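# Commentary on secondary and tertiary structure
This is what each chain is made of:
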Amino acid sequence: MQIPHLIRAHQPFVSLEFFPPKKKEEWPGFLEVARELGQLKPLFASVTYGAGGSTQSNTLEICEQLIQTCGFEVMPHLTGVTADREKIDGFLLAIKALGIENVLALRGDRPSGFTGTDEELFAAFPHAEHLVGYIRTHHPQLAIGVAGFPEGHAEASSFGDDLEVMRRKVECGADFVITQLYFDNRTYFDYVERLRARGVNVPIVPGILPIRNLGSLRFILEMCNARIPGRLINSLMKAHEDGGAKAVYEIGVAYARRQVQELLDGGAPGVHLYTLNKADMCLQVMDGLL
Ligand SMILES: Cc1cc2nc3c(=O)[nH]c(=O)nc-3n(C[C@H](O)[C@H](O)[C@H](O)COP(=O)(O)OP(=O)(O)OC[C@H]3O[C@@H](n4cnc5c(N)ncnc54)[C@H](O)[C@@H]3O)c2cc1C
């Protein structure tokens with residue numbers, strides 16, 4: 001079923017993001033995790049699309065497995081990186097054959113080691129809006145999600161320009177938005193207000209990453225440019241000194257629970273959890289919240 005219909009009918013909700021494990025021998029363990037997370041009755045599960053090579057076909061295979069073994073409504077991600085129309089059509093026809101009705105359309109990023117120009121990398125689809133427009137025209141049966149950046153995208157010339165990009169993505173056919181992770185809910189509520197003021201009226205689903213350990217904190221800082229409130233960093237550091245990894249984990253759960261509760265109280269339609277393919281923390285974060 002199309003996610004916008006599901007969102008209209010079931011609020012508040014939780015949805016889950018997974019990435020395809022690189023090695024096939026990790027797949028049974030991964031599917032066990034997904035089955036465990038089925039307890040949350042996720043509205044849908046999304047599966048990331050790798051920057052290059054084999055993980056792209058893994059996206060499709062993992063989607064198929066999640067449908068068959070967990071009964072999830074699934075949404076593969078898709079990027080325009082080094083893609084031509086034929087490749088995009090091939091992917092979209094394959095998901096159609098699996099009965100999938102949703103796709104998250106992204107520009108994608110420069111793969112590490114790619115030495116060519118941006119023009120080569122994003123030749124057919126220079127920005128997400130071009131991919132959205134193509135899908136809307138040539139695969140109209142699909143509902144299209146797009147990525148939103150409550151703190152602004154790192155390459156955007158200004159926050160205002162980035163909001164305008166989102167307005168155009170929706171104008172080109174995007175049906176809903178999933179946000180990049182962030183840690184201060186005011187950022188999300190402000191982002192929603194600003195987009196509404198520009199006439200963007202599609203659902204905007206906040207993306208939440210529970211912080212598991214100091215390693216994931218470093219990853220967030222390096223990869224996502226997310227701002228981490230000083231109060232949160234201080235409490236994580238203090239927890240690490242006083243109680244080690246377990247105490248850090250407990251702070252991560254408590255913080256994400258507060259974030260989710262506040263979002264749902266404040267009118268967010270649901271939350272999209274970045275699971276990092278782990279069940280325990282997401283189950284604890286959501287316990288009793290829906
Ligand atoms: C929920 C979510 C899921 C993701 N999943 C994946 C994944 O599975 N695989 C993956 O590789 N990456 C994924 N990403 C990362 C994403 O590909 C990168 O953040 C990428 O840099 C931007 O993608 P986009 O679709 O937002 O691009 P765009 O919307 O094209 O924006 C990219 C940049 O270009 C600017 N821009 C856009 N259009 C124009 C224009 N017409 N003129 C000038 N500037 C413009 C924007 O302001 C922005 O700075 C995900 C991100 C999120 C938030």
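To keep things clear, this report deals only with the structure shown in the data block. Numbers given to residues run from 1 along each chain, matching the order in which its sequence is written. Only residues with pLDDT of at least 70 get local features here, since the model is predicted, and only at 80 or more are side-chain atom pairs given and counted; chain-wide, interface and lining totals rely on the full set of residues.

## Focus on the overall build of the chain
Note the cut-off: Numbering of helices and strands runs from the N terminus; a helix is a DSSP stretch of H or I covering at least four residues, while a strand is a stretch of E covering at least two. Only C-alpha atoms enter the radius of gyration, while the globule expectation follows 2.2 Å times N to the 0.38, with N the number of residues. Comment: burial labels come from other C-beta atoms within 10 Å of the residue's own C-beta, placed from the backbone, where a count of 20 or more is buried, 12 or fewer is exposed, and between is partly exposed. By the convention adopted here, residues make contact when the C-beta atoms placed from their backbones lie within 7 Å.
Of regular secondary structure, the chain possesses 11 helices and eight strands. Here the C-alpha atoms of the chain give a radius of gyration of 18 Å, agreeing with the 19 Å that 2.2 N^0.38 yields for 290 residues. In terms of overall dimensions, the chain has a C-alpha envelope of 55 × 45 × 45 Å along the principal axes. Per-residue burial over the chain gives 40% buried out of 290 residues. Expressed as a percentage of contacts within the chain between residues at least 6 apart in sequence, the contacts between residues at least 24 apart total 81%.

## Notes on the sheet that holds strand E6 (residues 176-181)
What counts, and what does not: In this analysis, strands are considered paired if DSSP registers two or more bridges between them. Between the N-to-C directions of two axes lies an angle of 0 to 180 degrees, each axis being a line fitted to C-alpha atoms and, for a helix, fitted only over the stretch in contact.
Taken in spatial order, the eight strands line up as E1-E2-E3-E4-E5-E6-E7-E8 and close into a barrel, and their pairing is parallel. Averaged over all adjacent pairs, the angle separating strand axes in this sheet is 30 degrees, with direction ignored. Sheet topology places strand E2 (residues 45-47) next to strand E3 (residues 74-79); three bridges connect them, and they run parallel. From the neighbouring strand, Val47 faces E3, where its bridge partner is Pro76.

## So, the nonpolar core
Defined as follows: Note on definitions: a nonpolar core is a set of buried residues drawn from Ala, Val, Leu, Ile, Met, Phe, Trp, Tyr and Cys, linked by C-beta atoms within 7 Å.
The biggest cluster of nonpolar side chains holds 80 residues, and the ones touching the most others in it are Val103, Ala105, Val132, Ile135, Ile144 and Val146. The element best represented in this core is helix H10 (residues 230-265), accounting for seven residues. If near-sequence neighbours (up to four positions away) are discounted, Val146 is found in contact with Leu104, Ala105, Ala128, Val132, Lys169, Ala174 and Val177.

## Re the site of the ligand
Counted only if it meets this: By convention here, the C-beta atom is placed from the backbone, and a residue is near a molecule or strand when that atom is within 6 Å of it. Residues are grouped as follows: Ala, Val, Leu, Ile, Met, Phe, Trp, Tyr, Cys and Pro are nonpolar; Asp, Glu, Lys and Arg are charged; all remaining types, including Gly, are polar.
Around the ligand, the surrounding shell holds 22 residues, and the nearest of these are Thr48, His77, Arg107, His127 and Ala128. When its residues are assigned to classes, the shell around the ligand shows eight nonpolar, eight polar and six charged.

## Some details on the packing of helix H2 (residues 27-37) against helix H3 (residues 55-70)
Going by this rule: When an angle is under 35 degrees it counts as roughly parallel; over 145 it counts as roughly antiparallel; between 65 and 115 it counts as roughly perpendicular; any other value is oblique. Crossings are classed by handedness, with left-handed meaning an anticlockwise turn of the near helix from the far one by less than a right angle and right-handed meaning a clockwise turn.
At their nearest, the axes of H2 and H3 sit 10 Å apart, and the two run at 55 degrees to each other. Considered as vectors, H2 and H3 are oriented oblique to each other. For the element pair H2 and H3, the recorded crossing hand is right-handed. When H2 is examined against H3, the residues Leu31, Ala34 and Arg35 are found in contact with a partner set consisting of Gln65, Leu66, Thr69 and Cys70. The class makeup of the residues in the contact of H2 with H3 is four nonpolar, two polar and one charged.

## Description of the packing of helix H6 (residues 128-138) against helix H7 (residues 159-171)
For the pair H6 and H7, the least separation of the axes is 8 Å and the interaxial angle reads 10 degrees. Compared by their axis directions, H6 and H7 come out roughly parallel. Contact with H6, carried on its side by Ala128, Glu129 and Val132, involves Val165, Arg168 and Lys169 of H7 and no other residues of that element. By residue class, the composition of the contact of H6 with H7 is three nonpolar, no polar and three charged.

## Considering helix H8 (residues 185-197)
The periodicity of an α-helix, 3.6 residues per turn, causes residues three or four places apart in sequence to face the same way. Filter applied, for reference: Here, expected helix span is obtained from the residue count minus one, scaled by 1.5 Å. Directions from the helix axis toward the C-beta atoms define the arc.
Its 13 residues place the ends of H8 19 Å apart at the C-alpha level, agreeing with the 18 Å of an ideal helix rising 1.5 Å per residue. Every buried residue of H8 is accounted for by Asn185, Tyr188, Tyr191, Val192 and Leu195. Taken down its axis, H8 places every buried residue within 120 degrees of arc, on the same side. Facing away from the buried side of H8 by more than 90 degrees, the exposed set consists of Arg186, Asp190, Glu193 and Ala197. Close packing links the buried residues of H8 with strand E5 (143-148), H7, E6, strand E7 (204-208) and H10.

## Brief notes about the environment of Val132
Mapped onto the elements of the fold, Val132 is located in helix H6. A tally of 27 C-beta atoms within 10 Å means that Val132 is categorised as buried. It is 24 Å that separates the C-alpha atoms of Val132 and Tyr182, two residues lying 50 residues apart in sequence. Sequence-distant contacts of Val132, defined by excluding residues within four places in its chain, comprise Ala105, Ile144, Val146, Lys169, Cys172, Gly173 and Ala174.

## Remarks on unusual backbone geometry
A cis geometry characterises the amide bond from Gln11 onward to Pro12, with omega recorded as -5 degrees. By the secondary structure assignment, Pro12 is in the loop between helix H1 (3-9) and strand E1 (13-18). A positive phi angle, close to 50 degrees, is found at Lys41, a residue other than glycine. In this fold, Lys41 is placed in the loop between H2 and E2. Positive phi outside glycine occurs at Leu276, with the angle close to 50 degrees. With respect to the helices and strands, the residue Leu276 is situated in the loop between strand E8 (270-274) and helix H11 (280-286).

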